[in-house]
Amino acid sequence: MFSFTICKELVDEHTKVIFQGAEGAYSQLAMEQFFGREIDCDHVDTFREAMEYVADGKADFAVLPIENSTVGIVSEIYDLLVEFENVIVGEQIIPINHCLLGVPGAALSDIRKVYSHPQSLMQSARFLQGYDWRQISMQNNAFAAQKVKNDGDKTQVAVASEYAGKIYGLEVLQKGINQAENNSTRFIIVTNQKIFRKDAHKISICFEVPHQSGSLYHMLSHFIYNNLNMCKIESRPIEDRTWEYRFFVDFEGNLADSAVKNALRGLRDEARNMKILGNY
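The following paragraphs examine the structure supplied in this document.

Basis of the calculations
- Residues numbered from 1 in each chain as written.
- Predicted model: local features only at pLDDT ≥ 70, side-chain atom pairs only at ≥ 80, totals over all residues.
- Heavy atoms only, no water.
- Pairing = 2+ DSSP bridges.
- Helix = DSSP H or I, 4+ residues; strand = E, 2+ residues; numbered from the N terminus.
- Axes fitted to C-alpha atoms, helices over the stretch in contact; angles between N-to-C directions.
- Contact = heavy atoms within 4.5 Å.
- Parallel < 35°, antiparallel > 145°, perpendicular 65-115°, else oblique.
- Nonpolar A, V, L, I, M, F, W, Y, C, P; charged D, E, K, R; others polar.
- Phe/Tyr/Trp six-rings, centres within 6.5 Å; stacked < 30°, edge-to-face > 60°.
- Buried < 20%, exposed > 50% of the residue type's maximum accessible area, 1.4 Å probe, protein only.
- Lys NZ or Arg CZ within 6 Å of the ring centre and 35° of its normal.

As summarised here, the arrangement of the five strands in space is 9-8-10-7-11, forming an open sheet in which the pairing is mixed. Each having just a single partner strand, strand 9 (134-137) and strand 11 (171-174) make up the two edges of the open sheet. The mean angle between the axes of side-by-side strands here comes to 35°, regardless of whether they run parallel or antiparallel. With four bridges connecting them, strand 7 (residues 99-102) and strand 10 (residues 156-160) associate as antiparallel partners. Bridged to Leu-100 within strand 10 is Val-159. Sheet contacts for helix 6 (residues 141-151): strand 7, strand 8 (113-116) and strand 10; angle to strand 10, the most-contacted strand, approximately 155°.

Bringing the packing of helix 8 (residues 215-225) against helix 9 (residues 258-270) into the picture now. In a packed pair of helices, the relevant descriptors are the angle between the two axes and the axis-to-axis distance. Interhelical geometry of helix 8 versus helix 9 gives an angle of 170° and a closest axis separation of 9 Å. When the axes of helix 8 and helix 9 are compared, the pair comes out roughly antiparallel. Contacts between helix 8 and helix 9 involve His-218, Met-219, His-222 and Phe-223 from the former and Ala-263, Gly-266, Leu-267 and Glu-270 from the latter. Broken down by class, the residue content of the contact of helix 8 with helix 9 amounts to four nonpolar, three polar and one charged.

Next up on the list: the packing of aromatic side chains. Scanning the model with the defined rule gives eight aromatic pairs in all. Ring plane angle 45° and centroid distance 5.4 Å describe the contact between Phe-35 and Phe-61, whose orientation is recorded as tilted. You can see Phe-35 sitting in helix 1 (residues 26-35) and its partner Phe-61 sitting in strand 4 (residues 61-68), a full 26 residues away along the chain. With a relative accessible area of 1%, Phe-61 lands in the buried category. With 4.9 Å between their ring centres and 85° between their planes, Tyr-78 and Phe-248 make a pair best called edge-to-face. Residue Tyr-78 is found in helix 3 (residues 75-83), and its partner Phe-248 is found in strand 16 (residues 245-252); the two are separated by 170 residues along the sequence. The same class applies to Tyr-78 as to Phe-248, namely buried. Among the aromatic residues, those joined into a cluster by ring pairs are Phe-34, Phe-35 and Phe-61. Here the basic side chain of Lys-58 rests over the ring of Tyr-53, its NZ or CZ set 5.2 Å away from the ring centre.

Below, the structure is given as structure tokens:
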């Protein structure tokens, strides 16, 4: 039923990892915590490029943000997991502590523009609303820090990590500007290999249901009957099918568990286009 292979280790001396953003991105911090600082790595501009690198074998793994505890999911990642055959083999949660970064000598009174990723701007909205600054979205926090450094303009600042500030030689004008003190982001580790880890304890799947009354209820009943704890459920619109949705579910378990096998068998019988996204 499942074509996952068993591996003892995820990495060796030839492993290459890709992350989205410039050097100093939160994704790089997540990568270093999961793989270690000595891992061979590179970075790309977009999430799609990262998935393509893995799908094409240019990298063994990609590190991608999928959810923030304050502002919710990164919807593009969910869509890419459906589009590509890459699978999730791990996750890493890191605390987010946004700083206001400026060129040396800059002061709050100098600021006219603030650059960052849209989610980081939202996470820092309460602080930023206290100032009449123009907010400009960037693909990544580290790109924002890089721009401020390259432009050398005291009127520009970036919302990014203190780590990014050190890399680009920027001064921390204000620490901890995100409104939630326990703000964290969950990153997933994806690969194009069907890896099944014996110590895996979480499963991610996605599926579509018939557009009729009770469809989702009957699908979710398979988790109840098999005593499986569902950790998360999200929905995303299905392209070209107005007001129809694809559901993403995380639940506790291992693909080798009999209860998991029973649940997945029932889900597959009733679902449209069910896909196992990973066991990690």
